[in-house]
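Structural characterization, general
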Amino acid sequence: SEKGLYNTLNYQELGLTSPEDLFDITTFHTNPRPFFKFAHTLYPGTIEPSPSHAFLSHLDVQHKLLRVYTQNIDTLEESAGVRVDKVVYAHGSLRDATCCKCKKRYSAGDI
């Protein structure tokens, strides 16, 4: 979309040759800094949940929410109060990360 990530990302500022490089695993293995610089802007606690997220939380509190499927990695559903077990992240989330080399898991606070 016109306001989508690939159209609004200043990929040159991150040292990338295209917006798609931000999520390319080969690029990440070569230099993970651009991804982490970008991801830092989305880490839990840096963005406020929207009214839509609050509505999902309200449905959860009322026991009317079965599940939330999201392509977003920002964990805003959880920040709004949706229970973790109700959220399915299609592309993973920034709640935690796994080291590509040793496979150790780290929380967002550790990163």
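Refer to the structure printed above.
For clarity, every value in this text was computed on a predicted model and none was experimentally measured. (Residues numbered from 1 in each chain as written. Predicted model: local features only at pLDDT ≥ 70, side-chain atom pairs only at ≥ 80, totals over all residues. Heavy atoms only, no water.)

Moving on, we come to the layout of surface pockets. In this structure, the largest pocket encloses a volume near 1,100 Å³. In terms of lining, the largest pocket is formed by 31 residues, of which the most central are F28, F35, F36, I73 and L94. Of the residues assigned to the lining of the largest pocket, the class counts are 19 nonpolar, seven polar and five charged. (1 Å grid on protein atoms, 1.4 Å probe; cavity = no way out; pocket = protein on both sides within 12 Å on 5 of 7 lines; lining within 4 Å. Points joined across faces, edges and corners; volume = space filled by probe spheres on them. Nonpolar A, V, L, I, M, F, W, Y, C, P; charged D, E, K, R; others polar.)

Our focus in this paragraph is the environment of D24. Among the structural elements, D24 can be located in the loop between helix 1 (5-8) and helix 2 (25-30). For the pair D24 and C100, spaced 76 residues apart in sequence, the C-alpha separation works out to 14 Å. A polar side-chain atom of D24 sits 2.8 Å from the main-chain amide nitrogen of T27. (Helix = DSSP H or I, 4+ residues; strand = E, 2+ residues; numbered from the N terminus. Polar contact = N/O pair within 3.5 Å; in protein donor to acceptor, adjacent residues only side chain to side chain.)

Here the focus is the side chain of D21. Examined against the element boundaries, D21 turns out to sit in the loop between helix 1 and helix 2. Although D21 is buried, it forms no salt bridge, and the closest oppositely charged side chain is K37 at an N-O distance of 15 Å. Contact partners of D21, with chain neighbours within four places excluded, come to L16 and T27. (Buried < 20%, exposed > 50% of the residue type's maximum accessible area, 1.4 Å probe, protein only. Lys, Arg positive; Asp, Glu negative; His and termini not counted. Salt bridge = Lys/Arg side-chain N within 4 Å of Asp/Glu carboxyl O. Contact = heavy atoms within 4.5 Å.)

Here the focus is the packing of aromatic side chains. By the definition in use, this model includes six aromatic pairs. Ring centres 6.4 Å apart and planes at 55° place the aromatic pair Y6 and F23 in the tilted group. Residue Y6 is found in helix 1, and its partner F23 is found in the loop between helix 1 and helix 2; the two are separated by 17 residues along the sequence. Since its relative accessible area comes to 39%, F23 is described here as partly exposed. Arranged with centres 6.2 Å apart and planes meeting at 75°, the rings of F23 and F35 form a pair that is edge-to-face. Of this pair, F23 sits in the loop between helix 1 and helix 2 while F35 is found in helix 3 (residues 33-40), placing the two residues 12 residues apart along the sequence. Among the aromatic side chains, those forming a connected cluster through ring pairs are Y6, F23, F28, F35, F36 and F38. (Phe/Tyr/Trp six-rings, centres within 6.5 Å; stacked < 30°, edge-to-face > 60°.)

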